[in-house]
2 protein chains.
Amino acid sequence: MKVLIIGAAGMIGARLATRIAADGRIGDRDVSELVLADVVEPPRPFGTLDRVDTRALDISAPGAAEPLIANRPDVIFHLAAIVSGEAEADFEKGYRINLDGTRDLYDAVRAAHDEDGYTPRLVFASSIAVFGAPFPAVIPDDFALTPLTSYGTQKAIGELLLADYSRRGILDGIGLRLPTICVRPGRPNKAASGFFSNILREPMNGEEAVLPVPEEVRHFFASPRAAIEFFLHAAQIDTAAVGPRRNLSMPGLSATVGEEIEALRRIVGEKAVKLIRREPDETIMRIVSGWAPDIAATRARELGFRAESSFDEIVRAHLEDELGGTARV
Amino acid sequence: MKVLIIGAAGMIGARLATRIAADGRIGDRDVSELVLADVVEPPRPFGTLDRVDTRALDISAPGAAEPLIANRPDVIFHLAAIVSGEAEADFEKGYRINLDGTRDLYDAVRAAHDEDGYTPRLVFASSIAVFGAPFPAVIPDDFALTPLTSYGTQKAIGELLLADYSRRGILDGIGLRLPTICVRPGRPNKAASGFFSNILREPMNGEEAVLPVPEEVRHFFASPRAAIEFFLHAAQIDTAAVGPRRNLSMPGLSATVGEEIEALRRIVGEKAVKLIRREPDETIMRIVSGWAPDIAATRARELGFRAESSFDEIVRAHLEDELGGTARV
């Protein structure tokens, strides 16, 4: 099986590539070739695979997608996007990359489909940013997409196109609405959602972190480990069981900031918790109040997608996957 | 006030143009200029307006929208689209006109907005084709858009773009999800939905009509007269009261085919009903079973949009607006 990952230099994309290169397979199918593409050259993962190609390209450039499709990958993971903050700040860049880049990819598949019947599995990284407040207490699978950012709008359009191209048999798509990823590895960034990860990651490293919102704030999370499993599972499932509604809210954990902190206390200890500094920020509180508190993800759970059921698991996943099992505090 | 209607040669667009030209105003604002555009030269309406321009152009042609925006219309009615059947049969044409044509229009407004702060009211004709089965008994305002046609997909994307461009203050948009229009004037056409109108319109003209589905089939309707009022009302409402969810399911009448026929019997008589010939068609029954039976339209009703509450009203509207008040049977 030939596999293409677009957006393979990103946080999830790189971990997905590492995992596939290490396993040499997805489920019970051997991977014969892995192509990793991103706007910067993706890191080359270690592993048992002979054929790993890395490519640097801008998917929104005219004709960029065709060469990626030339060898007819069986599975395409499409994670390339510019993030929410940048898509909001730069209108044209956001639409060019997140909308046109995605549509160009689908249309490159369509051209190949028209040529020889090529119909790859295409797994599209969407986001809970497709939802916009006001929400019910738990967002059901049939809740309207009313995004409140250009990024969410672009992801929602990517979902609609994916469903229509799948319905027409041009590709075999699955869209995954990812929860907020926590604990997000790496350094703190300026995303409004950053604190959810910062208040766990930095203390586990013996460093201070700022908490800008009250402990009662509730949001919806999955670990990077769970996210990788979503993508691998989506590559394998029987899409006949999915039907025409190809975009699925992924399962996750609905939890408050207070519950995050309690898990940190239980797993790592009071010393880590003491590194969290309260510094209320009205702007961040306002932004976060527009985010989904809980998502039912009924269909995805029925289709076998799994996520963590406690913050203890999320903290342990970070310790194991990023810190070799031991906190540095 | 300057008014632009794109799609002014269509069934609703032409009637909207006629109405505005006759009134010389929308609500309490005088119309100083009316520009009518369509892919074929729109008919020139009679009326009191001095300045009525008609233009033939393809809105999906590069640069087509700019000249329409050059004089900065205060209100833009965007009804141009190729219909469901054609968008399904011709993939590229559907996406080019219904998606790219709409986006080009919004982007022409954006260019003008960037130049001088221009922010027109833009009323977009969407459709209940944005919904896809399975449905609840009554579709609520926050129900997911999961279209089962490329036309519905293109309309749903037009809605998402309208909301995002409005949220950014580029334009002041309102999207109207129109119910199935009944009684649709003109000759019978091959649309799967055609029979809903045919079984009223043809008998009122003393002609036979074919009914391909059982009388129990339920669907959601508004008259052409109600649709015109939706557009005029949308041009005037205070969008601050609408908020960020700019796309509204319009009110209508949920009724069965049997209720249609009973109204025809009451208003026109048994002689008309006898002209309906039962000819079951499995294909049409299958298509129609995927259509919305009822839509709550709670927000639109709260915002003052009104439709008929019985099929008697719909039959009478057709008699008055199209037949001078008297059936020809």
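Calculation rules
- Residues numbered from 1 in each chain as written.
- Chains lettered and ligands numbered in written order.
- Predicted model: local features only at pLDDT ≥ 70, side-chain atom pairs only at ≥ 80, totals over all residues.
- Heavy atoms only, no water.
- Pairing = 2+ DSSP bridges.
- Helix = DSSP H or I, 4+ residues; strand = E, 2+ residues; numbered from the N terminus.
- Axes fitted to C-alpha atoms, helices over the stretch in contact; angles between N-to-C directions.
- Contact = heavy atoms within 4.5 Å.
- Phe/Tyr/Trp six-rings, centres within 6.5 Å; stacked < 30°, edge-to-face > 60°.
- Buried < 20%, exposed > 50% of the residue type's maximum accessible area, 1.4 Å probe, protein only.
- Lys NZ or Arg CZ within 6 Å of the ring centre and 35° of its normal.
- Buried area = accessible area lost by both parts, 1.4 Å probe.
- Salt bridge = Lys/Arg side-chain N within 4 Å of Asp/Glu carboxyl O.
- Polar contact = N/O pair within 3.5 Å; in protein donor to acceptor, adjacent residues only side chain to side chain.
- Nonpolar A, V, L, I, M, F, W, Y, C, P; charged D, E, K, R; others polar.

As recorded in an unreviewed UniProt entry, chain A goes by SDR family oxidoreductase and comes from Antarcticirhabdus aurantiaca.

(A) Summary view of the sheet that holds strand β6 (residues 75–78) of chain B. All names here are of chain B. Spatially, β5-β4-β1-β6-β7-β8-β12 is the arrangement adopted by the seven strands of the open sheet, whose pairing is parallel. With one partner strand each, in any of the chains shown, β5 (52–56) and β12 (247–249) form the two edges of the open sheet. This sheet shows a mean twist of 15° between the axes of neighbouring strands, independent of strand direction. Summarising the sheet, β6 and strand β7 (residues 121–127) pair through four bridges and their orientation is parallel. When the bridges of β7 are listed, His78 appears paired with Phe124. On the sheet, helix α4 (residues 91–116) packs against β1 (2–6), β6 and β7 and is oriented at approximately 170° with respect to β7. Against the sheet, helix α5 (residues 150–167) makes contact with β7, β8 (172–178) and β12, and its axis sits at roughly 155° relative to β7, the strand it touches most.

(B) Local environment of the packing of aromatic side chains. Counted by the stated rule, this structure contains 23 aromatic pairs over all chains. Ring geometry for Phe131 of chain B against Phe143 of chain B: centres 6.2 Å apart, planes inclined by 45°, an arrangement best described as tilted. Of this pair, Phe131 of chain B sits in the loop between β7 and α5 while Phe143 of chain B sits in the loop between β7 and α5, placing them 12 residues apart in sequence. In terms of burial, Phe131 of chain B and Phe143 of chain B fall into one category: buried. For the cation-ring pair, Arg72 of chain A lies above Tyr118 of chain A, with the distance from its terminal atom to the ring centre recorded as 5.4 Å.

(C) Looking closely at the interface of chain B and chain A. Facing 34 residues of chain B, the contacting portion of chain A comprises 34 residues. Taking both sides of the interface into account, the surface hidden between chain B and chain A amounts to around 2900 Å²; carbon and sulfur atoms contribute 54%. Across the contact surface, chain B and chain A share eight salt bridges. The residue Glu88 of chain B makes a salt bridge to Arg167 of chain A at a minimum N-O spacing of 2.9 Å. Seen at the junction of chain B and chain A, the total is 28 residue pairs in polar contact (both at pLDDT 80 or more). Residue assignment for the side of chain B that touches chain A shows that the elements contributing at least two residues are α3 (84–89), α4 and α5 of chain B. Ranked by residue count, the leading element in the side of chain B that touches chain A is α5 of chain B, at nine residues. In the side of chain B that touches chain A, the residues fall into 18 nonpolar, five polar and 11 charged.

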